[in-house]
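Observations on chain architecture
Below, each chain spelled out in residue letters.
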Amino acid sequence: MKYIDEYRDGRLARSLAAAIARAVDSSADYRFMEFCGGHTHAISRYGLEDLLPANVRMIHGPGCPVCVLPVGRIDAAIRLAERREVTLCTYGDLMRVPGSYGMTLLRAKAAGADIRMVYSTLDAVRIAVAEPDREVVFFAIGFETTTPATALAVRLAADRKLINFTVFCNHVLTPAAIQNILESPDVRELGRVRIDGFIGPAHVSTVIGTEPYAFFAQEFEKPVVVAGFEPLDVMQAILMLIVQVNEGRHEVENQYVRAVKPEGNAKAKAEVAEVFELRKSFEWRGLGIVPYSGLRLKEAYAAYDAERRFAIAYAAARDNPACECGAILRGVKKPIDCKLFGTVCTPEAPMGSCMVSAEGACAAHWTYGRFRDRVRRAS
Amino acid sequence: LVPDANVGDYVVVHVGFALTKIDAEGARRTLALLAEAGAAAGAVP
């Protein structure tokens, strides 16, 4: 397919790998975090780690929307779906995320709850129009990429004066999470995670642009390179990061120039600003309570806010104590460090959120990476 | 979300919505850079 296949050329990837090998300073160590789950997936799927020199390591970040949703929010959605009048609509990934006591939306559906998987927020609006007797709630999650879609659905519902459509909003913000990681004790005091630079998200940046990253580059002196999701994009971004580190620079650069503009998508940002406002804080799986990291509906759209309509009281809940998703999301541990990985926790029966979505570090490693582990052990 | 999109344009679609247009010039420039980086590396034994 045009604009995709060209960026998957294996021959070019190998020569880029040679360019990277030439660029690295053999006496130095390079550790880069790819924030976004899309990149985690690409790195695993195309085996990019095998193409990198041994002193260049990639640390998987928390940019997988399904992974960072805390158990308490899943529990709240399940309780909501169990209400007789409610039809809960959501993206497919969320169906299998475990809440407390191993309960999932899929199991709640099997037990009789009216839960429907949708591909777009507009499908949920359509259901609300077609079934006026049902209280249709859209269980909204995601970073800046999915938030505009939710904003448009709320505005459409308002235009049509729908009284049976609401949104259970769990939208979160990328810059807040990056800042949280950089300020975390793991990075700052304990030194358990060293990060020399970031690969900035692809689709998120099409919306917010490259400007929001300037703060991290300056304040924390970390280079950020926004990259596309194809393997050559990621390789080139790694090369750009290495060059910046070698030259002692910490700037925001854009590898994904074919899709990302410095200012992002003005229309999408305006839609989001119209409907949503910042929450004072929001809980993330792995990162804990992060200030000003989540969104909620503005007062003007309160009628479309499921948390208000159904008086959803948020109660934090504990992860499975053996599950290492939290540490994996902070970059402290790797999937294979978790004793649940590949034993009782697989994509078919996930115990933790990182095993659910294809963007999750554990699912990506299970699907692609574990075979390399075996080769490595055998050799 | 991309008001200036026309028939024949390539767009990045996320959960059913176009987020941005693919800029042909930007795409070409990236490929040229990649080829250049590859060629430079290839010249070294």
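Residues numbered from 1 in each chain as written. Chains lettered and ligands numbered in written order. Predicted model: local features only at pLDDT ≥ 70, side-chain atom pairs only at ≥ 80, totals over all residues. Heavy atoms only, no water.

**Here's the deal with the interface of chain B and chain A**
Interface extent is often summarised as the accessible area lost during association of the parts. Test applied: In this analysis, two residues are considered to be in contact whenever any of their non-hydrogen atoms come within 4.5 Å of each other. Simply put, the buried area is the total loss of 1.4 Å probe accessible area from both parts when two parts are fitted together. Every case where a carboxyl oxygen of Asp or Glu lies within 4 Å of a side-chain nitrogen of Lys or Arg is listed as a salt bridge. For this analysis, a polar contact is any N or O atom pair within 3.5 Å, provided that within protein one partner can donate a hydrogen and the other can accept it, and provided that sequence-adjacent residues contribute only side-chain to side-chain pairs. A run of H or I in DSSP becomes a helix once it reaches four residues, and a run of E becomes a strand once it reaches two; helices and strands are each numbered from the N terminus. Note that Gly is not counted as nonpolar here; it falls among the polar residues with everything else outside the nonpolar set of Ala, Val, Leu, Ile, Met, Phe, Trp, Tyr, Cys and Pro and the charged set of Asp, Glu, Lys and Arg.
Opposite the 29 residues of chain B that make contact, chain A presents 35 residues. A combined buried area of about 2600 Å² lies between chain B and chain A, and 71% of that area is made up of carbon and sulfur atoms. Scanning the region where chain B abuts chain A turns up zero salt bridges. For the pair chain B and chain A, the number of links is seven residue pairs in polar contact (both at pLDDT 80 or more). When contributions to the side of chain B that touches chain A are tallied by element, the ones reaching two or more residues are strand 1 (11-14), strand 2 (17-21) and helix 1 (24-42) of chain B. At 13 residues, helix 1 of chain B tops the list of elements feeding residues into the side of chain B that touches chain A. Split into classes, the residues belonging to the side of chain B that touches chain A amount to 20 nonpolar, six polar and three charged.

**Thoughts on the confidence of the model for chain B**
Defined as follows: Per-residue confidence from the predictor is reported as pLDDT, which spans 0 to 100.
Per-residue confidence for chain B averages 84 on the pLDDT scale, and 89% of its residues sit at or above 70. When mean pLDDT is taken per element in chain B, strand 2 of chain B scores highest with 91 and helix 1 of chain B scores lowest with 83.

**Focus: the sheet that holds strand 4 (residues 114-117) of chain A**
All names here are of chain A. The test is simple: When DSSP finds two or more bridges between two strands, those strands count as paired. Fitting a line to C-alpha atoms yields each axis, with helices limited to the stretch in contact; the angle taken between N-to-C directions then spans 0 to 180 degrees.
Taken together, four strands build an open sheet; the order of strands is 4-3-5-6 and the sheet is parallel. Edge positions in the sheet fall to strand 4 and strand 6 (165-171), since each of these pairs with one other strand and no more. Averaged over all pairs of adjacent strands, the angle between strand axes in this sheet comes to 20°, irrespective of strand direction. Where strand 3 (residues 86-90) and strand 4 come together, four bridges link them in parallel fashion. Pairing of T90 across the sheet is with M117, part of strand 4.

**Points about helix 1 (residues 10-23) of chain A**
Condition: Expected span of a helix, by definition, is 1.5 Å for each gap between consecutive residues, and there is one gap fewer than residues.
In this model helix 1 of chain A runs 20 Å from its N-terminal to its C-terminal C-alpha over 14 residues, within 8% of the 20 Å that 1.5 Å per residue would give. N-capping of helix 1 of chain A is provided by D9 of chain A, with a side-chain oxygen placed 2.9 Å from the backbone N of R11 of chain A.

**Brief notes about the environment of P347 of chain A**
All names here are of chain A. For clarity, the threshold we go by: Any residue under 20% of the maximum accessible area for its type is buried, any over 50% is exposed, and the rest in between are partly exposed; the area is computed with a 1.4 Å probe on protein chains only.
Along the polypeptide, P347 turns up in the loop between helix 16 (325-329) and helix 17 (361-378). Residue P347 is classed as buried on the basis of its relative accessible area of 16%. In sequence terms P347 and A364 are 17 residues apart; their C-alpha atoms lie 9.5 Å from each other. Filtering out sequence-adjacent residues up to four positions away, P347 remains in contact with R96, M355 and W366.

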